[in-house]
Amino acid sequence: MRQQRYLSVLVMFYFVLFFFSTSIRAQEVEDEREFDYAVKSEKGPRMWGKMKKEWEACNNGEMQSPIDLSNERVRIIRKPEKRNYKLCNATVKNRGHDISLQWHGDAGSVLINGTEYPLQQAHWHSPSEHTVNGRRYAMEMHMVHLNENATNKIAVIGVLYKFGKPDKFLSRLIRNISSMIDKKDEVKNAGMINPREIKIGSRKYYRYVGSLTVPPCTEGVIWSIKKKYAASNARPMQPLNKRPVYLMAPGATV
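Residues numbered from 1 in each chain as written. Predicted model: local features only at pLDDT ≥ 70, side-chain atom pairs only at ≥ 80, totals over all residues. Heavy atoms only, no water.

## A few points about the state of the cysteines
What counts, and what does not: By disulfide we mean two sulfur atoms from cysteines, separated by a distance within 2.5 Å. Strands are runs of DSSP state E lasting at least 2 residues, helices are runs of H or I lasting at least 4, and numbering of each runs from the N terminus. For each residue, the accessible area found with a 1.4 Å probe, counting protein chains only, is set against the maximum for its type, and the residue is called buried under 20%, exposed over 50%, and partly exposed in between.
For the structure on display, the rule yields one disulfide. Each disulfide pairs two cysteine sulfurs, and for Cys-58 the partner residue is Cys-217, the sulfurs being separated by 2.1 Å. Here the disulfide of Cys-58 and Cys-217 is right-handed, its torsion about the S-S bond being about 95°. Note that Cys-58 is positioned in helix α3 (residues 57-60) and Cys-217 in the loop between β12 (205-211) and β13 (219-227), a separation of 159 residues in sequence. Using a relative accessible area of 0% as the deciding quantity, one classes Cys-217 as buried.

## Looking at the pairing of β12
Stated precisely, the cut-off is as follows: Two strands pair if DSSP finds at least two bridges between them.
For β12, a buried count of six out of seven residues is recorded, marking the element as mostly surrounded by other parts of the structure. In terms of strand pairing, β12 meets β13 through seven bridges, oriented antiparallel. Each bridged residue has a counterpart across the sheet, and for Gly-210 the counterpart in β13 is Val-221.

## Description of the pattern of salt bridges
Keep this limit in mind: Definition used for salt bridges: Asp or Glu carboxyl oxygen within 4 Å of a side-chain nitrogen of Lys or Arg.
All chains considered together, the criterion is met by four salt bridges. Close ionic contact of Lys-52 with Glu-34 constitutes a salt bridge, the shortest N to O distance being 2.3 Å. Here the residue Lys-52 occupies a position in the loop between α2 (48-51) and α3, and Glu-34 occupies one in the loop between α1 (2-17) and α2, the gap between them amounting to 18 residues. Glu-34 sits in the partly exposed class, given a relative accessible area of 24%. Here Asp-106 and Lys-86 are joined by a salt bridge, their closest N and O atoms 2.8 Å apart. Residue Asp-106 is located in the loop between β4 (99-103) and β5 (108-112), and its partner Lys-86 is located in the loop between β2 (82-85) and β3 (88-94); the two are separated by 20 residues in the primary sequence. Owing to a relative accessible area of 47%, Asp-106 belongs among the partly exposed residues under this scheme.

## Side note on the environment of Asn-241
To keep things clear, this is the line we draw: Polar contact is the term for a pair of N or O atoms within 3.5 Å; when the atoms are in protein, one must be able to donate a hydrogen and the other to accept it, and sequence-neighboring residues count only if both atoms are side-chain atoms.
For Asn-241, the position within the fold is in the loop between β13 and β14 (245-248). Only 3.1 Å separates the side chain of Asn-241 from the backbone oxygen of Glu-62, close enough to count as a polar contact.

## A short note on the environment of Gln-121
Looking at the element boundaries, Gln-121 is found in strand β6 (residues 115-125). Residue classification places Gln-121 among the buried positions, given a relative accessible area of 0%. A C-alpha to C-alpha distance of 9.4 Å links Gln-121 and Ala-107, two positions 14 residues apart in sequence.

Pasting the structure below:
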């Protein structure tokens, strides 16, 4: 009975996500009417790069995301990023094409390759966009960080979820979003939320440089993908094109 109740919470969370596409706050298109995720649609992923000149990277880019994170193509590196998150006021917003958790003020940052990336927001894809050895997970969270002064301005920490034990953070969040379906632009105060409450799980993670997963598909995004064992809005897999993919783990050297 207890396990069923926990699964019901997660199922409800995924059910809510089913109604929304997702977009990154920095540099991504906000209007869901401009594109969609239906494979055969005239506004679907295969057409994104033909719809606008500034979206050409969606079809012509060589560093596009998402990709399959095959273990056969990764190197193990023990140099995990430093996350320095802080308690900060946050809101939950239904943007019509997604529900996002946005922090207002200093929510802390992540340090990647000596560069600090302040946390902006988090959102979810269902099912996951990235796959591991061909396996697609039930859901993928993206924690979006932005540094306008950096060479690579956007850094995203992704977490892959599958059905299992309850996740306290998701269970808490569902109380805020379950009443927001079909209420575009509605914003709710989520109170003070510490990003550290988001349990990322294993210290091992994959690192590669890719792109935004919605138009304009801007490249140069630093992706860090972790596996967490606790209508589709996932962009199809993109070719790896000889890019290195690193499996990060504590204690290894480059």
